[in-house]
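# Architecture and fold: a report
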Amino acid sequence: MRLLPYAAVVVLLCASATIAQTPDLAQRQAEAAAALAERQEEETVLAEGEGRSEVFGYCTACHNTALIRRSAFTRERWDELMDWMAEKHGMNPLEGEFRDTIVDYLARHYGPLTRGPRGGNPFLN
Amino acid sequence: MAHQNPSERSVQELYRDDPERADALVWGRRGALQGAALAAMGAALGGSIPFARNMPSGLVPAALAQGANQPQFLQMEGKAPLILQGERPLNAETPEHLLDDPVTPADKFFIRNNGSVPDTVADARAWKIRIDGEVNTPLELTIAELEQRFEIVTRKLQMECGGNGRSGFSPQAAGNQWGNGAISNAEWTGVRLHDVLRAAGVKDGAKFTGQHGADSHLSAQGPAISRGMRIEKAMDEDTLICFRMNGAAIPQMHGAPARLVVPGWPGSLSQKWFTRLEVLNKPHTGRGMGGTSYRIPVRPIVPGSRNNGADFVDMESMPVRSVLSSHAHGTRLPAGTRSLDIRGHAWAGDLSVRDVHVSTDFGQSWQAMQVAAPPNRHAWQRWQGRIALPSDGYYEIWYRATDSNGRMQPHVAANWNPQGYGANPISRVAILIG
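Rules of the game
Residues numbered from 1 in each chain as written. Chains lettered and ligands numbered in written order. Predicted model: local features only at pLDDT ≥ 70, side-chain atom pairs only at ≥ 80, totals over all residues. Heavy atoms only, no water. Helix = DSSP H or I, 4+ residues; strand = E, 2+ residues; numbered from the N terminus. Areas by Shrake-Rupley, 256 points an atom, 1.4 Å probe, with all protein chains shown as cover. Salt bridge = Lys/Arg side-chain N within 4 Å of Asp/Glu carboxyl O. Buried < 20%, exposed > 50% of the residue type's maximum accessible area, 1.4 Å probe, protein only. Polar contact = N/O pair within 3.5 Å; in protein donor to acceptor, adjacent residues only side chain to side chain. Contact = heavy atoms within 4.5 Å. Axes fitted to C-alpha atoms, helices over the stretch in contact; angles between N-to-C directions. Parallel < 35°, antiparallel > 145°, perpendicular 65-115°, else oblique. Nonpolar A, V, L, I, M, F, W, Y, C, P; charged D, E, K, R; others polar.

## Concerning the overall build of chain B
The number of helices and strands found in chain B is six helices and 24 strands. For chain B, the computed accessible surface area is about 17300 Å², with 49% contributed by carbon and sulfur atoms.

## Notes on the pattern of salt bridges
Counted by the stated rule, this structure contains 33 salt bridges over all chains. In this structure, Asp100 of chain A and Arg75 of chain A form a salt bridge, with 3.5 Å as the shortest nitrogen-oxygen distance. Separated by 25 residues along the polypeptide, Asp100 of chain A in helix α5 (residues 96-109) and Arg75 of chain A in helix α4 (residues 75-89) bring together distant segments of the chain. On the accessibility criterion, Asp100 of chain A (39% relative accessible area) is partly exposed. The exposure class assigned to Arg75 of chain A is partly exposed, which follows from its relative accessible area of 34%. Taking the shortest distance from any N to any O, the salt bridge between Glu147 of chain B and Arg125 of chain B comes out at 2.6 Å. In this pair, Glu147 of chain B is assigned in helix α4 (residues 143-149) and Arg125 of chain B in the loop between β4 (111-112) and β5 (128-133), connecting sequence segments 22 residues apart. Judged by its relative accessible area of 17%, Glu147 of chain B is buried. If you follow the salt bridges from partner to partner, you end up with Glu76, Asp79, Asp83 and Arg99 of chain A together with Arg306 of chain B in one network.

## A word on the side chain of Asp100 of chain B
Residue and element names in this part refer to chain B. As for its position among the elements, Asp100 is in the loop between β3 (90-93) and β4. A polar contact is formed between the side chain of Asp100 and the side chain of Ser325, at a distance of 2.6 Å. Every residue in contact with Asp100, bar those within four places of it in the chain, is listed here: Ser325, Ser326, Arg343, His345 and Arg382.

## Topic: the packing of helix α2 (residues 52-59) of chain A against α5 of chain A
Residue and element names in this part refer to chain A. Here α2 crosses α5 at 100°, and the two axes come no closer than 9 Å. What the angle tells us is that α2 and α5 run roughly perpendicular. Where α2 abuts α5, its residues Arg52, Glu54, Val55 and Tyr58 lie against Phe98, Thr101, Ile102, Tyr105 and Leu106. Per-class residue counts for the contact of α2 with α5 are six nonpolar, one polar and two charged.

This is the structure we're talking about:
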């Protein structure tokens, strides 16, 4: 019980300290986020193979490779995503051979992990 | 390699290389592990599996189902070590065991950005918010004016990414591979959007909103995201224009100095760095509307198939979900532990949670937990209870919530869609005793 007034004082002190620090912390967090966004990646974070430098060059203008590396899509889904990025996010549309190089690379190195013992979904293909 | 007997390699190795093939090799037809394979699995996990005979075929033990890559963690002042989903855009998920606080503190609040985090502003109180479109009197008000003119309310409100649970989908859906941790339940302070819209005078026939914020697209061309909702949700008493979170200024990462909070609906509606809301007589067409974005099929589609989403509908109230926050996935407990007090949170969009059930025998039997009433509408609910553990060894705690309409979390993610919204399968936490 005797602790209570003391606790209240501590809470008040902490609360005012938090509020006082907020603008600085906000600034430091904004800077930390910018630093994370600017963190340079090496092309070698992507799997080695034909088309890697094209993918690295073309696909890291807006976001980093984390989005690619975590993906596991079929060629068709990768192809569809190229249109989605162009239509919804202003990516320069990919066409012809260059598109094939990129989509082939993605499908080969970032394809579905496995189709499973039963050969994947019976309603596809 | 293909000719090798499964018992000759460690099961962990097998699962790491090719989980589905390992599964097919290791599991018997009737869904029970056989002889040597059972021992190998137990050895790989570092213990025996008391309920092995009930383990359904095709399910990888939760302790092994972690994928090849170890998670990376965010390091940022003022933030807990959240699971890093990506640096640009910056996205990070809260591990479930860090979601134990009834009110989510700022450091444990997940991060979802569609674009770049804007710079801070010098004078938060002078930040302006516009209300325009189908209104009689367009308004432009500073935070200071909002505070002065309208009733200030404080509510505990769940805010969840529309894609929370996405990693449950098979085949993989596009977007951040969230587990269950893109959820928060902070205490928000602000004014009701409803009161502000009343002051502006919504015209007859106005049915939708479109909201705008100050963050720019990753390409630096235009806004990061701009979504809208039906006017009924905008008029809900829990939809707030907020300027404080947990009694302090809103953190920069979470939308300072003002954020719209639209609880129970996809978090992308809760516009960060909030600047403007348009009232519209037709659905909003901003970035993040239409197609497959934040939209789900009405007529289920073949998982993995191509679809432009033209006949999908906008995702509104989020589905029922639960987290277990008292014990981390992978917790090891002393030999002889025979019971455990566990707890977590559960929520269900605009609805509430009626029940939470837990199973420690791979879903063969379920036990009801106690579920507390929410402190206010749209807040998550505490669940807790005691489970019995008949022996030492490997266990999975499966936990499943049921909403107030009687719909429960399914065994696997349902209603697959290309961008992966609405996955809320039953979750599993692995623990080891001894």
